[in-house]
Amino acid sequence: MANRRLKAAVFIFLLSGVSSVWGGSIGINYGQIADNLPPPERVVGLLQSINIQKAKLYDADPRVLRAFANSGVEFAVGLGNEYVSNMTDQAKAEEWVKSNVQAYLPATKITSIAVGNEVYTGNDTDLVKNLVPAMQNIHSALVSLGLESSINVSTAHSSGILSVSYPPSAGTFKPELTAFLIPLLDFLTQAHSPFLINAYPFFAYTADPNQIPLDYVLFQPNDGMLDNNLRYENMLYAQIDSVYAALAQLGYHNLDVQISETGWPSKGDEDEIGATPENARTYNGNLLRLVSQNGGTPMKPNTTLDTYVFALFNENLKTGKTSERNYGLFKPDGTAAYDLGLHGSLSGSSTSVSYSTSAATVVLLSLCSFFAGKLFLY
């Protein structure tokens, strides 16, 4: 029991230090496909109590953006796939930015706009064609309002855009997407925006649990794999480096890759091997430890990896397999979905301990150096 409490304490220290002490940052996806979630005004207290300083929406919900005014939480807002075609009209793009972004500044900190989600792995050819023009118009609207230096524009991709992802150095985008990816990558380069990827080792593991070691996907000690003299000790980093390799193959060597979604479900159907509270705790706990260490992937060791965990809450109205409704760190009542050392509060009161940057650095470095590889490896 004492060891469990120590694990929880170390986790909270690490979580609080991710954004404020080191360059790499951790955020949370705030999905709302549910009919039992607490009002945003109470969610403010929950994020503050666990010291999460970045959140990502899949829309630009005015209730959320108003509730988080003056909270200090940075938001990435989304523009849904159903609205992308409208944004090919510059006037509509400008109106959208004024109504859904500018209207909440500066009280609410909006730092990013994600136009569409996993567009290139869908079946809507018009949506695919309209994505880059829509992104260009949204960016032009930001420029006209003088907001382009503080708000970037990007779009999140499924790992399904890759035709080859193993080994990482062989990463290749699907050939049929090249004609659409080149203009997108040109835009991201010119706009100084990151390439966003939704990366889920869970999907790879549950599809082939007999061939993929569970320790490898959960960041546990394992033999790893060697690729071009680079050693990979976890699948997430291999997935990200396969994206870097695919970008380099198209001539884009300097784009930053950020993880817009990653997580592990605490419950699944019978055929969803590995969807358990224990594995969710291990995956997300070890993920946060790695992000807190400010390291990069084997291919990009000096590039910090910004990451958004999926998701804040279990969402009971999501369709599909049982796992889809059980990615949350929290239940809708604000209690933890599983024991990750997070004891947040919907009341608005903070339970986290505040330290100066120097003190936090000393505590975190001491704990990490002494306990690394022990406390988070269940």
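Below, the structure is looked at part by part.

## Points about the overall build of the chain
From N to C terminus, the chain includes eleven helices and twelve strands. Contacts in the chain between residues far apart in sequence, at least 24 positions, make up 71% of those at least 6 positions apart. Only carbon and sulfur atoms are counted for the fraction: they give 50% of the accessible area of the chain, which is about 16,000 Å².

## Regarding the environment of I28
Along the polypeptide, I28 turns up in strand β1 (residues 26–29). Note on I28: relative accessible area 2%, which makes it buried. Sequence spacing of I28 and S260 is 232 residues, and the spatial spacing of their C-alpha atoms is 9.2 Å. Not counting chain neighbours up to four residues away, the residues in contact with I28 comprise L47, I52, K54, A55, K56, Y308, V309, A311, L312 and L329.

## A word on the sheet that holds strand β5 (residues 152–158)
Spatially, the eight strands close up into a barrel ordered β1-β2-β3-β4-β5-β8-β11-β12, and their pairing is parallel. Between one strand axis and the next, the sheet turns by 25 degrees as a mean value, whatever way the strands run. The pairing of β1 with strand β12 (residues 307–309) spans three bridges and is parallel. Each bridged residue has a counterpart across the sheet, and for G27 the counterpart in β12 is Y308.

## A look at the nonpolar core
Burial of nonpolar side chains together is a common tendency in soluble globular proteins. Counting residues in each nonpolar core, the largest one holds 102 residues, and the members touching the most others are F68, W96, Y120 and I138. Excluding anything up to four places from it in sequence, I138 contacts L79, M87, A93, W96, V97, I113, V115 and V153.

## Points about the packing of helix α5 (residues 125–144) against helix α6 (residues 178–191)
Each pair of packed helices can be summarised by the angle the axes make with each other and by the distance between the axes. For the pair α5 and α6, the least separation of the axes is 9 Å and the interaxial angle reads 15 degrees. Taken together, the axis directions place α5 and α6 in an arrangement best described as roughly parallel. Judged by the sense of rotation from one axis to the other, the crossing of α5 with α6 is left-handed. Touching V128, K129, V132, M135, Q136 and H139 of α5 are F180, P183, L184, F187, L188 and A191, all from α6. Here the residues of the contact of α5 with α6 sort into nine nonpolar, two polar and one charged.

## Examining the packing of aromatic side chains
For the structure shown, the criterion picks out 13 aromatic pairs. Ring geometry for Y120 versus F180: centroids 6.3 Å apart, planes at 40 degrees, classification tilted. Taken together, the residues span a long stretch of sequence, with Y120 in the loop between β4 (109–117) and α5 and F180 in helix α6 at a distance of 60 residues. Between Y200 and F203, the aromatic rings sit 5.1 Å apart at their centres with planes inclined by 45 degrees, giving tilted as the arrangement. Among the residues examined, Y200 registers a relative accessible area of 7% and is labelled buried. Since its relative accessible area comes to 40%, F203 is described here as partly exposed. Three or more aromatic residues joined by ring pairs form one cluster here, namely Y200, F202, F203, Y205, F219, W264, Y283, F310 and Y327.

Cut-offs used in this document
- In this numbering scheme, every chain counts its residues from 1 along its sequence in written order.
- With the structure being a predicted model, the display of local features is reserved for residues of pLDDT at least 70 and the display and counting of side-chain atom pairs for 80 or more, all residues being used for whole-chain, interface and lining totals.
- Side-chain figures throughout are based on the complete set of non-hydrogen atoms in the structure, without hydrogens or water.
- Numbered from the N terminus, helices here are DSSP runs of H or I no shorter than four residues, and strands are runs of E no shorter than two.
- Note on definitions: a residue-residue contact is assigned when non-hydrogen atoms from the two residues lie within 4.5 Å.
- Computed with a 1.4 Å probe, the accessible areas rest on the Shrake-Rupley method; for each residue, only the protein chains presented here act as cover.
- Think of it in three bands: residues with accessible area under 20% of the maximum for their type are buried, residues over 50% are exposed, and the middle band is partly exposed, with areas taken using a 1.4 Å probe on protein chains only.
- Pairing between strands is defined by DSSP: at least two bridges between the two strands are required.
- Lines are fitted to the C-alpha atoms to define the axes, a helix being fitted only along its stretch in contact, and any angle between axes, read from their N-to-C directions, falls within 0 to 180 degrees.
- As used here, the term nonpolar core means buried Ala, Val, Leu, Ile, Met, Phe, Trp, Tyr and Cys residues forming a set that is joined through side-chain atoms within 4.5 Å.
- Throughout, the term roughly parallel applies to angles under 35 degrees, roughly antiparallel to angles over 145, roughly perpendicular to angles from 65 to 115, and oblique to all others.
- We call a crossing left-handed when the near helix sits turned anticlockwise from the far one by less than a right angle, and right-handed when that turn is clockwise.
- Polarity classes work like this: nonpolar for Ala, Val, Leu, Ile, Met, Phe, Trp, Tyr, Cys and Pro, charged for Asp, Glu, Lys and Arg, and polar for all others, with Gly in that last group.
- The pairing test for Phe, Tyr and Trp rings, Trp by its six-membered ring, is centres within 6.5 Å, and the orientation test on the planes gives stacked under 30 degrees, edge-to-face over 60, and tilted for anything in between.

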